[in-house]
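Below are the chains, spelled out letter by letter.
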Amino acid sequence: MERVRDGDSAAFRALFERYTASLARYCGRFVGNLARGEELAQDAFVQIFQARERWEPRAKVSTWIYTIANNLCLNEMRRAERRGKSSSLDAEPDEGGFAHEIADPSARSGETVAAGGELEARLRSLLS
């Protein structure tokens, strides 16, 4: 993480590859939606990259990463509660153990998704 803090893109790529799958599963279980969990894991790495210069080695890197992801998941759950998002009580869990959610009319706009796509593209360019 010290190399990431110092701007080493190869170190960031290694950090991303090491934690992205387990972080996506963690977030997916937390919010009850695997696809959204993958998005939250990507959001966590965007925040990690943006905060890299403020990282201090007081705790394990994994603790810091999962704290960021945990906070994103908590925010996601709060947003879902405010929107009144709910799961169907009759829905059967899919292979991942998640019930399908009822469509949310206040879902993210195309503009928001496009902005997120641009940020993801910038992040991917840094990783390559």
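Residues numbered from 1 in each chain as written. Predicted model: local features only at pLDDT ≥ 70, side-chain atom pairs only at ≥ 80, totals over all residues. Heavy atoms only, no water.

Hey, could you run me through the overall build of the protein chain in this one?
Each helix and strand in the protein chain was counted, giving 5 helices and 0 strands. Considering the protein chain as a whole, with its 128 residues, one finds that 27% of them fall into the buried category. Put simply, of all contacts in the protein chain between residues at least 6 apart along the chain, 62% involve residues at least 24 apart. Surface accessibility of the protein chain: about 8400 Å² in total, with carbon and sulfur atoms responsible for 49%. (Helix = DSSP H or I, 4+ residues; strand = E, 2+ residues; numbered from the N terminus. Buried < 20%, exposed > 50% of the residue type's maximum accessible area, 1.4 Å probe, protein only. Contact = heavy atoms within 4.5 Å. Areas by Shrake-Rupley, 256 points an atom, 1.4 Å probe, with all protein chains shown as cover.)

Even after reading the chapter, I still don't get the nonpolar core, so can you show me in this structure?
Generally speaking, soluble globular proteins have nonpolar side chains that are buried together. Among the nonpolar cores identified, the biggest contains 25 residues, and Phe12, Leu15, Leu23, Phe45 and Ile48 are the most heavily contacted of them. Contributing elements (two or more residues each) for this core: helix H2 (9–31), helix H3 (34–51), helix H4 (61–83) and helix H5 (110–127). If sequence neighbours within four positions are ignored, Phe12 has contacts with Val4, Phe45, Ile48, Phe49, Leu123 and Leu127. (Core = buried A, V, L, I, M, F, W, Y, C linked by side-chain atoms within 4.5 Å.)

Can you help me understand the side chain of Arg52 in this one?
For Arg52, the position within the fold is in the loop between H3 and H4. The buried charged residue Arg52 lacks any salt bridge partner; its closest oppositely charged side chain belongs to Glu53, at an N-O distance of 4.1 Å. For Arg52, the contacting residues outside a window of four places in its chain are Met1, Val4 and Arg5. (Lys, Arg positive; Asp, Glu negative; His and termini not counted. Salt bridge = Lys/Arg side-chain N within 4 Å of Asp/Glu carboxyl O.)

Explain the pattern of salt bridges to me, please; I cannot follow it from the model alone.
Working definition: two side chains of opposite charge can pair if their charged atoms are close together. With the rule as written, the count across this model stands at 6 salt bridges. The partner of Glu76 in a salt bridge is Arg36, with the nearest N and O atoms 2.9 Å apart. One end of the pair, Glu76, is in helix H4; the other, Arg36, is in helix H3, with 40 residues separating them in the sequence. Arg36 carries the same exposure label as Glu76, and that label is buried. A single salt-bridge network, built from bridges that share partners, covers Arg36, Glu39, Glu76 and Arg79.

Help me understand H3 in this model?
An α-helical turn contains 3.6 residues, so any two residues separated by three or four positions project in the same direction. Helix length check: H3, at 18 residues, gives a terminal C-alpha distance of 25 Å against a target of 26 Å (1.5 Å per residue), a fit within 8%. Taken residue by residue, H3 has Arg36, Gly37, Leu40, Ala41, Ala44, Phe45, Val46, Ile48 and Ala51 as its buried positions. For H3, the N-terminal cap is Asn33; the gap from its side-chain oxygen to the backbone nitrogen of Ala35 is 3.1 Å. (Expected span 1.5 Å × (residues − 1). Polar contact = N/O pair within 3.5 Å; in protein donor to acceptor, adjacent residues only side chain to side chain.)

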